[in-house]
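Notes for the structure review
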Amino acid sequence: MRKSRWIYVALLLVVPGLLLTTACAKKKAPKSMEPVQSEQTTTDAGDVQTGDLDEAARQKELARNLFLNEDVYFAYDSYALDGEAQGVLKRKAEWLQTNGDAMVLIEGHCDERGTVEYNLALGDRRAASSKNFLITLGIDAVRLATVSYGEERPVDMGSNEEAWAKNRRAKFVIK
Amino acid sequence: MGYLYRSRRKLAAGILFVLVWLVVQAGWAADYEIDVTNPFLNKIPLAVPLFKPMAGGEGETRLAAKGADLLAASLEFTGYFKLLNRAAFLINPDTYRIVAPGINFQNWTTVGAELLVTGGVLLQGETVTLELRLYDTVQEKLVVGKRYRGRADGYRGMVHRFCNEVIFALTGSHGIFDSRIIFVTSSKAGVKDIYRCAFDGHNPQPVVANEQLNLSPAWSSDGKWIAYTSYAKGKPDLYIKHTTEKRGHQVLKKGTSISPAWVPNRLELAASLSHTGDPEIYLLTGTGKVIRRLTENRGIDVSPSWSPDGRRFAFVSKRSGTPQIYIKDTASGESRRLTYEGKNNTQPSWSPRGDKIAYTAIEKGQINIRVIGVDGSGLRQLTINSGDNESPSWSPDGSLLVFSSTREGPSRIYVMNAFGTDQRRLLTLPGKQSEPQWSSRLGNL
């Protein structure tokens with residue numbers, strides 16, 4: 001064969017070969033590399049964090065972590081969405097648009113004041129408010145499941161205004 | 001003229017004498033009857049000496065002491081009696097007589113007793129015979145006397161049967177000694193068990209303990225079923241479980257299925273379900289099938305509690321902006337608001353006497369038990385400055401309330417009289433106890 005042809009053959013063999021090896025390296029990475037982010041997300045059961053030095057992938061990971069860790073907050077005894085809450089939900093909607101096949105569970109929570117049964121119902125309404133807002137932003141209802149935990153799963157065990165404010169939340173979990 | 005005047009005076013004197021005589025008679029007659037409208041302010045002094053062992057022997061003597069202590073504590077639990085200290089008694093515990101006419105009632109009235117219970121215990125092998133007599137020491141007469149015979153392990157039940165007789169004789173309604181209390185206990189985060197105990201906190205036993213989050217237990221009237229909310233399948237579903245046989249039903253709809261309340265004397269229950277997207281109260285069969293919807297109102301509707309005749313129920317609704325208690329008539333379909341004081345009134349419990357509703361009021365950061373008449377009158381607060389007090393539930397005769405309180409720190413089950421007096425802890429388990437519910441009279445002594 002002529003020399004130029006050999007170059008083509010070489011490229012034809014080498015390039016896929018390189019790609020293949022990098023792909024393998026990617027698959028092996030979770031075992032040999034430390035995850036770049038080591039966030040604790042207690043409700044994120046069973047999901048493996050993959051650390052990656054690739055910038056695009058890192059951005060993707062940051063966006064995902066924000067989605068999981070940024071909660072929607074509510075006023076006492078309320079399931080209304082104020083300006084800030086709506087802002088948080090808009091960011092959630094953007095992520096959901098970008099990650100079109102993600103299915104989520106919205107958890108509604110309450111602070112410890114108020115009684116057990118009432119808080120179960122209030123948590124349910126908080127999750128429902130968040131879901132309904134996302135639907136108005138174009139997210140398919142089928143992707144949004146809801147559950148209420150009432151006052152049963154506080155994120156802050158304190159008995160003060162600060163702790164209570166942190167517990168009055170809707171939290172998003174990727175299924 | 002003078003003659004007439006004298007005879008009129010005699011007549012007046014005569015009438016006066018008759019009136020005084022009638023009043024005095026009425027006073028004596030009322031001596032040992034309990035005024036059920038406000039009985040806890042004037043407790044009747046009651047003496048319960050150690051029961052007499054009839055044959056002697058260690059087992060019998062032990063039962064004699066246990067029995068007297070149990071009877072005294074059980075009657076004291078009702079709040080109607082002041083138990084006199086045995087140390088002050090004038091009788092010789094070895095020789096005193098337990099049956100009139102052998103009883104010297106002056107020994108008892110001298111130490112202030114108006115009522116006396118004597119007991120005699122005979123133990124033969126595994127069989128115990130227990131004789132109990134309630135005497136009015138002032139009138140020196142027997143009020144009620146019973147003899148029980150059965151296995152020794154039924155001894156506690158015998159004592160409690162007699163306690164029911166005592167209460168019936170004195171108030172006209174049956175006592176609560178064959179009732180039980182069901183409640184939630186949690187000793188680790190995320191896990192809540194359902195336990196039951198006797199009316200006095202004795203012998204706590206697990207009912208649902210499966211490492212899951214179990215909440216809001218409710219007994220059926222016949223005591224055979226318990227409904228509760230459980231996260232066993234990852235979300236708050238309603239479970240209906242038989243108390244002795246291994247069978248049950250589940251309500252596994254979308255959303256929250258919570259706050260069960262059995263209809264009195266029926267195998268039907270009300271519960272709050274949010275499968276349509278909004279928590280509303282529904283009527284369900286004992287197997288968990290929806291019969292019909294009971295509330296129609298956007299917003300939270302939760303925590304039903306039935307009137308004793310099962311025709312009306314109290315519930316919590318946020319329809320006016322804040323959680324308040326409403327009453328709905330199932331026949332007419334009309335709802336009216338009951339609570340107007342405070343911005344957060346929840347957990348209604350309708351008294352088995354039909355006239356009052358106890359509930360949890362949150363005001364200025366304090367959580368307390370309040371009672372209000374079904375007609376909206378007579379609002380009183382029963383707890384104050386004693387931690388958070390919530391989740392009230394009436395005893396089956398409407399004379400006592402069980403509730404939870406954090407006055408000692410961790411949440412504990414407490415009992416008080418219907419007027420808020422004699423608040424005391426029922427039992428202590430590791431962790432926190434909450435959400436107590438008092439059963440009907442179960443007739444299981």
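Nothing here was measured: the structure is a model prediction, and the numbers come from that model.

1. A word on the overall build of chain B
- In terms of helices and strands, chain B carries 4 helices and 30 strands.
- Seen through its principal axes, chain B has C-alpha atoms that stretch 85 × 80 × 40 Å.
- For chain B, the proportion of contacts with a sequence separation of at least 24, taken over those separated by at least 6, is 44%.

2. Observations concerning the overall build of chain A
- From N to C terminus, chain A includes 5 helices and 4 strands.
- In chain A, the succession of helices and strands from N to C terminus is α-α-β-α-β-α-β-α-β.
- Expressed as a percentage of its 175 residues, the buried residues of chain A come to 30%.
- The long-range share in chain A, meaning contacts at least 24 apart out of those at least 6 apart in sequence, stands at 70%.

3. Focus on the domain arrangement of chain B
Residues and elements named next belong to chain B.
- The domain boundaries assigned to chain B delineate domain 1 (35–171) and domain 2 (180–438).
- On a C-alpha basis, the centres of domain 1 and domain 2 stand 36 Å from each other.
- Across the contact, 6 residues belong to domain 1 and 7 residues belong to domain 2.
- Residue composition of the side of domain 1 that touches domain 2, grouped by class: 2 nonpolar, 4 polar and no charged.

4. Some remarks on the sheet that holds strand E19 (residues 312–317) of chain B
- In spatial order, the strands read E18-E19-E20-E21 (chain B); together these 4 strands make up an open sheet with antiparallel pairing. The strands lining the two open edges of the sheet, one partner per strand, are strand E18 (301–306) and strand E21 (335–337) of chain B. Looking at each pair of strands side by side, their axes are set apart by 30 degrees on average, direction ignored.
- Contacts from helix H4 (residues 116–136) of chain A reach E18 and E19 of chain B, with the element oriented near 150 degrees to E18(B).

5. A closer look at the nonpolar core
- Formed by 112 residues in total, the largest nonpolar core has its most connected members in Ala227(B), Ala270(B), Ala314(B) and Leu401(B).
- Sorting elements by how many residues they give to this core places helix H4 (residues 155–171) of chain B first, with 7 residues.
- Looking at this core, you find at least three residues from each of domain 1 (35–171) and domain 2 (180–438) of chain B.
- Aside from chain neighbours lying at most four places away, what touches Ala227(B) is Ala218(B), Leu238(B), Tyr239(B), Ile240(B), Pro260(B), Trp262(B) and Leu269(B).
- Of all hydrophobic cores here, the second largest spans 17 residues; its members include Val104(A), Ala128(A), Phe133(A) and Val147(A).

6. Digging into unusual backbone geometry
Residue and element names in this part refer to chain B.
- Of note, the amide linkage connecting Ala 100 to Pro 101 takes the cis form, showing an omega dihedral of 15 degrees.
- With respect to the element layout, Pro 101 can be found in the loop between strand E3 (81–83) and helix H3 (105–110).
- The phi dihedral of Lys 364 falls on the positive side, at around 50 degrees, and the residue is not glycine.
- Positionally, Lys 364 belongs in the loop between strand E23 (356–363) and strand E24 (366–373).
- On the basis of neighbour counts, which here come to 6 C-beta atoms within 10 Å, the residue Lys 364 falls in the exposed class.

7. So, H4(A)
Residues and elements named next belong to chain A.
- A rise of 1.5 Å per residue sets the reference length of H4, with its 21 residues, at 30 Å; its end C-alpha atoms lie 31 Å apart and thus fit the reference within 8%.
- Burial runs high along H4: 18 of the 21 residues are buried.
- At the C-terminal side of H4, Gly 138 shows a positive phi close to 100 degrees.

8. Here's the deal with the packing of helix H2 (residues 58–77) of chain B against H4(B)
Residues and elements named next belong to chain B.
- Two elements in contact, H2 and H4, have axes whose closest approach is 10 Å; the angle formed by their N-to-C orientations is 40 degrees. The angle between the axes of H2 and H4 places the two elements in the oblique class. In the packing of H2 onto H4, the handedness of the crossing is right-handed. In this structure, H2 contributes Leu 63, Gly 67, Leu 70, Leu 71, Ser 74 and Leu 75 to the contact, and H4 contributes Tyr 155, Arg 156, Val 159, His 160, Cys 163 and Val 166.
- A class-by-class count of the residues in the contact of H2 with H4 yields 8 nonpolar, 3 polar and 1 charged.

9. A few points about the pairing of E18(B)
Residues and elements named next belong to chain B.
- Burial analysis of E18 places 6 of its 6 residues in the buried class, the great majority of the element.
- In terms of strand pairing, E18 meets E19 through 4 bridges, oriented antiparallel. Its bridge partner lying in E19, Val 302 is registered against Val 316.
- From the end of E18 to the start of E19, which pair antiparallel, there are 5 residues, and Gly 310 there has a positive phi angle of about 70 degrees.

10. Some words on the sheet that holds E24(B)
Residues and elements named next belong to chain B.
- Spatial strand order, E22-E23-E24-E25: 4 strands in an open sheet with antiparallel pairing. Bordering the open sheet on either side are strand E22 (345–350) and strand E25 (380–381), each of which pairs with just one other strand.
- The pairing of E24 with E25 spans 2 bridges and is classified as antiparallel. Looking across to E25, one finds that Arg 370 is bridged to Gln 381.

11. Remarks on the environment of Tyr79(A)
Residue and element names in this part refer to chain A.
- When you line up the elements, Tyr 79 lands in the loop between strand E1 (72–73) and helix H3 (83–98).
- Look at Tyr 79 and you get buried, because 23 C-beta atoms sit within 10 Å.
- As for Tyr 79 and Ser 129, which are separated by 50 residues in sequence, their C-alpha atoms are 6.6 Å apart.

12. Here's the deal with the confidence of the model for chain A
- Taken as a whole, chain A shows an average pLDDT of 82; of its residues, 70% reach a score of 70 or greater.
- Low pLDDT, under 50, characterises residues 22–44 of chain A; the predicted model gives this stretch 24 contacts beyond four residues in sequence or across chains.

13. Quick look at the packing of H3(A) against H4(A)
Residue and element names in this part refer to chain A.
- Two numbers describe how H3 lies on H4: the axes approach to 10 Å, and their chain directions differ by 55 degrees. The angle between H3 and H4 falls in the class oblique. Crossing of H3 over H4 shows right-handed handedness. Contacts from Gln 86, Leu 89, Lys 92 and Ala 93 in H3 reach Ser 130, Phe 133 and Leu 134 in H4.

14. Here's the deal with the interface of chain B and chain A
- Counting from both sides, the interface comprises 27 residues of chain B and, opposite them, 16 residues of chain A.
- By residue class, the composition of the side of chain B that touches chain A is 10 nonpolar, 14 polar and 3 charged.

15. What about the environment of Gln86(A)?
All names here are of chain A.
- Take Gln 86: it is sitting in helix H3.
- The class for Gln 86 is partly exposed, based on 13 C-beta atoms found within 10 Å.
- It is 19 Å that separates the C-alpha atoms of Gln 86 and Arg 143, two residues lying 57 residues apart in sequence.
- Among all residues touching Gln 86, those that are not within four sequence positions of it are Leu 81 and Phe 133.

Cut-offs used in this document
Residues numbered from 1 in each chain as written. Chains lettered and ligands numbered in written order. Predicted model: local features only at pLDDT ≥ 70, side-chain atom pairs only at ≥ 80, totals over all residues. Helix = DSSP H or I, 4+ residues; strand = E, 2+ residues; numbered from the N terminus. Contact = placed C-beta atoms within 7 Å. Buried ≥ 20, exposed ≤ 12 C-beta atoms within 10 Å, placed from the backbone. Domains from an automatic or database assignment. Nonpolar A, V, L, I, M, F, W, Y, C, P; charged D, E, K, R; others polar. Pairing = 2+ DSSP bridges. Axes fitted to C-alpha atoms, helices over the stretch in contact; angles between N-to-C directions. Core = buried A, V, L, I, M, F, W, Y, C linked by C-beta atoms within 7 Å. Expected span 1.5 Å × (residues − 1). Parallel < 35°, antiparallel > 145°, perpendicular 65-115°, else oblique. Left-handed = near helix turned anticlockwise from the far one by under 90°. pLDDT = per-residue confidence, 0-100.

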